[in-house]
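Structural features, examined
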Amino acid sequence: MNALVPLPVLLPLCATGLSLAFGTRLKQFQRMISVAVLTAVLALSVALMIAADSRGPLTVHLGDFAPPIGITLVADRLSGLMLTVSSAVTLCVLVYSLGQGMADRDEETPVAVFHPAYLILVAGVSCTFLAGDLVNLYVGFEIMLVASFVLLTLGGTGPRVRAGSTYVIISLFSSMLFLTAIAMTYAATGTANLAQLAQRLGELPLGVQTLIQAMLLTVFAIKAAVFPLAAWLPDSYPTAPAPVTAVFAGLLTKVGVYCMLRTETLLFPGNRLGDLLMAAALASMMIGILGAVAQTDLKRLLSFILISHIGYMVFGIGLASREAYGGAIVYVAHHITVQTTLFLVAGLIERRTGTTELTRIGGLARAAPVLAALFFVPAMNLAGIPPLSGFIGKLGLMRAGVADGGVWAWILVAGSVATSLLTLYVMAKVWNLAFWRAAPPGQAADGTVLESDDENDSDEDADEGPDRIPGTGDEPILHRHQPAGLAVAATLHGHAVTTTTKLPTLMTAATAAAVALGLSFTVLAGPLTSYTDRTAAELLARSPYIEAVLGR
């Protein structure tokens, strides 16, 4: 079974080579490769999760070199669950993107790069979850980073290039900080292997331990978009194609949360920075949700909600109890699925109406009842309506806060309730504007071609300035085929979309599958919470991980 551990990384990388070799000439072959490989990765992830739960952590030392020389990959309960959820979500998003590409009849060369870049992204995510040392964790981040640059700027439109530039700058800064932290850690301990670090960091002076911990937390907080290190996210994600935005928002931020969970439990037991983490959690919750309340563009609104709900996960990490870690892990799995689903629904709304600006759309409950149902279920799940999985995760975290009894814990419990109520208010606002009220007069009719301003730039429009990010209230006025809104992110190539009453079947089916995946956490709430409780106990024990890696 240990031999299966590297495959979630190796299979997507090998498939990337095949996709690049044949994809430009055999597009159908390229699609088949991507679907087959991600299906295989999902099956492997489930097998690793079950094996790690029954046998304990699985380890592989690549090249048979023992730590600290060799590269170590480890699959324990936490990484097995994260691999399984991420594989299921990335498969749904891939199927969605296939439906979008076929509906758009995308034949442009940049679109042929989507599948290789997407597979590299999946390999990077898997590498991060399985990494048994800080260097390999950094490599996983950089693999994701390279693929992210391509996917964010797919099509080369103005808004995407500008958003990608912001993402590049922030990512390069966090990478430099991560390398500095790794260098300091190696200089102080003589190793970058996580199991050996768990034994050696405790021997360092307290100030050195705290400095290393603070630097690693800063890196991972940037990746996870924890306030105040989250300002880059609302401007970077909404301009990308719908499937890219969905997988970025739903999954990539949780990679940072996973790293915080791993390092705080394995390397820095004792919760020295717990109060700082809880303060950051409260700020993320409140600032994020208040930002969402102020938005009128659905994608930007969901981006702010993403920042807000990262606070729930950091709350659990800050409490550092078994119940808190269990609740945080449940909420991570729930949020990956639900947040991804809502961004996929936003892409369908954009396909249906040509815009995600809520003031320009309406009447979708009557005009597109299936779309309304696909939004309503994950929206209520995100708001934490009983008995859905969002409620289960939040309840576990709040129970852990009450059991802790500290001042910060009670403040976070109150903040969690307020954030949940405001999330419900925001979801109700979206429902009322986009679905319940009558369609506004300017809404695009079926078959209207909507074009981005990159296609309409002309000298007479120069005084209007460059194209801008939707939902900021600063969009340019387009003079051709623009009755409803700016459609810069509706297609993979980012140039034009034709609105349609009948939504593409494959896109709708993939979104429905994501909704079903989110509901499965509710149906399987008992086994899920039992699994996460065992995961939390394993994280706190530390010894199963260390013994599996070092053999003693």
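Residues numbered from 1 in each chain as written. Predicted model: local features only at pLDDT ≥ 70, side-chain atom pairs only at ≥ 80, totals over all residues. Heavy atoms only, no water.

1. Some points on empty space enclosed by the protein
Filter applied, for reference: Note on definitions: the grid is 1 Å and covers protein atoms alone; a cavity is a set of points where a 1.4 Å probe fits but cannot get out; a pocket is an open set with protein on both sides within 12 Å along at least five of seven lines; lining residues have an atom within 4 Å of a point. Grid points are joined across faces, edges and corners, and a volume is the space filled by probe spheres set on the points. Numbering of helices and strands runs from the N terminus; a helix is a DSSP stretch of H or I covering at least four residues, while a strand is a stretch of E covering at least two. The residue classification treats Ala, Val, Leu, Ile, Met, Phe, Trp, Tyr, Cys and Pro as nonpolar and Asp, Glu, Lys and Arg as charged. All others, Gly included, are polar.
Evaluated as defined, the whole model comprises six cavities of 30 Å³ or more. Within this model, the largest cavity holds a volume of roughly 170 Å³. Together, 16 residues line the largest cavity, and Met 144, Tyr 167, Ser 171, Lys 223 and Leu 252 are the ones closest to its centre. Broken down by secondary-structure element, the contributors of at least two residues to the lining of the largest cavity are helix H6 (134–152), helix H7 (158–189), helix H9 (206–224) and helix H11 (242–266). The residue makeup of the lining of the largest cavity, split by class, is 10 nonpolar, five polar and one charged.

2. Some thoughts on the packing of helix H13 (residues 298–319) against helix H14 (residues 322–353)
Let me state the cut-off plainly: For helices, the fitted line uses only the C-alpha atoms of the stretch in contact; every axis is such a line through C-alpha atoms, and the angle between N-to-C directions lies from 0 to 180 degrees. In what follows, roughly perpendicular refers to angles from 65 to 115 degrees, roughly parallel to angles under 35, roughly antiparallel to angles over 145, and oblique to any angle outside these ranges. Contact definition: two residues touch when any of their heavy atoms are within 4.5 Å.
One can describe the packing of H13 onto H14 by two numbers: an axis separation of 9 Å at closest approach and a directional angle of 175°. In terms of their interaxial angle, H13 and H14 are classed as roughly antiparallel. Every residue of H14 that contacts H13 at Leu 298, Lys 299, Leu 302, Ser 303, Ile 305, Leu 306, His 309, Tyr 312, Met 313, Gly 316, Ile 317 and Leu 319 is listed here: Ala 324, Tyr 325, Ala 328, Tyr 331, Val 332, His 335, Gln 339, Leu 342, Phe 343, Ala 346, Ile 349 and Glu 350. Split by residue class, the contact of H13 with H14 holds 17 nonpolar, five polar and two charged.

3. A closer look at H13
Rules: One fewer than the residue count of a helix, multiplied by 1.5 Å, yields its expected span. Partly exposed describes any residue whose relative accessible area lies between the buried limit of under 20% and the exposed limit of over 50%, with all areas from a 1.4 Å probe on protein chains only and scaled to the type maximum. Polar contact criterion, stated in full: a pair of N or O atoms within 3.5 Å, where within protein one must be able to donate a hydrogen and the other to accept it, and residues adjacent in sequence count only if both atoms are side-chain atoms.
Its 22 residues give H13 an end-to-end C-alpha distance of 32 Å, which sits within 8% of 32 Å, the value for a rise of 1.5 Å per residue. Among the 22 residues of H13, 22 are classified as buried, and the element is accordingly described as predominantly covered. Of the residues flanking the start of H13, the one acting as N-cap is Asp 297, its side-chain oxygen 3.1 Å from the backbone nitrogen of Lys 299. Phi turns positive, to about 60°, at Ala 320, one or two residues after H13.

4. Focus on the side chain of Asp 133
Quick reminder of the rule: Positive: Lys, Arg. Negative: Asp, Glu. His and the chain ends are not part of the count. Throughout this description, the term salt bridge denotes a Lys or Arg side-chain nitrogen within 4 Å of a carboxyl oxygen of Asp or Glu.
Relative to the elements of secondary structure, Asp 133 occurs in the loop between helix H5 (114–130) and H6. One buried charged residue, Asp 133, forms no salt bridge at all, with the nearest opposite charge on Arg 262 at 12 Å. A polar contact of 3.1 Å, which involves the side chain of Asp 133, links it to the backbone nitrogen of Val 135. Ignoring sequence-local partners within four residues, the contact set of Asp 133 consists of Ile 71, Thr 72, Ala 192, Asn 193 and Leu 194.

5. Here's the deal with the layout of surface pockets
If you add up the space inside the largest pocket, you get close to 310 Å³. Elements represented by at least two residues in the lining of the largest pocket include exactly helix H2 (27–55), helix H3 (77–104), helix H20 (505–523) and helix H21 (525–541). With four residues, the single largest contributor to the lining of the largest pocket is H3. In terms of residue class, the lining of the largest pocket is built from 11 nonpolar, two polar and no charged.

6. Regarding the packing of aromatic side chains
What counts, and what does not: Aromatic rings from Phe, Tyr and Trp, taking only the six-membered ring of Trp, are treated as a pair when their centres fall within 6.5 Å; an angle between ring planes under 30 degrees marks them as stacked, one over 60 as edge-to-face, and anything in between as tilted.
Using the criterion set out here, one finds 14 aromatic pairs in the structure. Considering the side-chain rings of Phe 141 and Phe 178, the 5.6 Å spacing of their centres and the 50° angle between planes classify their relative orientation as tilted. Remark: Phe 178 occurs in helix H7 and Phe 141 occurs in helix H6; sequence separation between them is 37 residues. Centroid distance Trp 431 to Phe 435: 5.0 Å. Interplanar angle 20°. Geometry classified as stacked. A residue pair is termed a helical-turn pair when its members lie 3 or 4 positions apart in one helix, as Trp 431 and Phe 435 do in helix H18 (residues 407–436) at four residues. The pair formed by Trp 431 and Phe 435 is uniform in burial state, with each residue classed as buried.

7. Section: the packing of helix H1 (residues 7–22) against H5
The line we're drawing: Left-handed describes a crossing whose near helix is turned anticlockwise from the far helix through less than a right angle; right-handed describes the clockwise counterpart.
At a minimum axis separation of 8 Å, H1 and H5 run at an interaxial angle of 165°. Considering the angle they form, H1 stands roughly antiparallel to H5. Between H1 and H5 lies a crossing whose hand is left-handed. Across the interface between the two elements, Pro 8, Val 9, Pro 12, Leu 13, Ala 15, Thr 16, Ser 19 and Leu 20 of H1 pack against His 115, Pro 116, Leu 119, Ile 120, Val 122, Ala 123, Ser 126, Cys 127 and Leu 130 of H5. When the residues that make up the contact of H1 with H5 are grouped by side-chain class, the tally is 13 nonpolar, four polar and no charged.

8. Looking at the pattern of salt bridges
According to the stated counting rule, one finds seven salt bridges in the structure shown. A salt bridge links Lys 299 to Glu 350, with the nearest nitrogen and oxygen atoms 3.1 Å apart. Of this pair, Lys 299 sits in helix H13 while Glu 350 sits in helix H14, and the two are 51 residues apart along the sequence.

9. A few points about the pairing of strand S2 (residues 71–75)
To be explicit about the condition: Should DSSP find at least two bridges between two strands, the strands are regarded as paired.
Most of S2 is tucked away, with four of its five residues classed as buried. With five bridges connecting them, strand S1 (residues 58–62) and S2 associate as antiparallel partners. For Thr 59, the partnering residue across the bridge sits in S2 and is Val 74.

10. Quick word on the side chain of Glu 264
Take Glu 264: it is sitting in helix H11. One buried charged residue, Glu 264, remains without a salt bridge, the closest side chain of opposite sign being Arg 272 at 7.6 Å. Among the polar contacts listed, one links the side chain of Glu 264 to the side chain of Gln 213, at a separation of 3.0 Å. If sequence neighbours within four positions are ignored, Glu 264 has contacts with Gln 213, Leu 217, Pro 269, Leu 277 and Ile 317.

As far as function goes, none of this settles anything; it's purely spatial.
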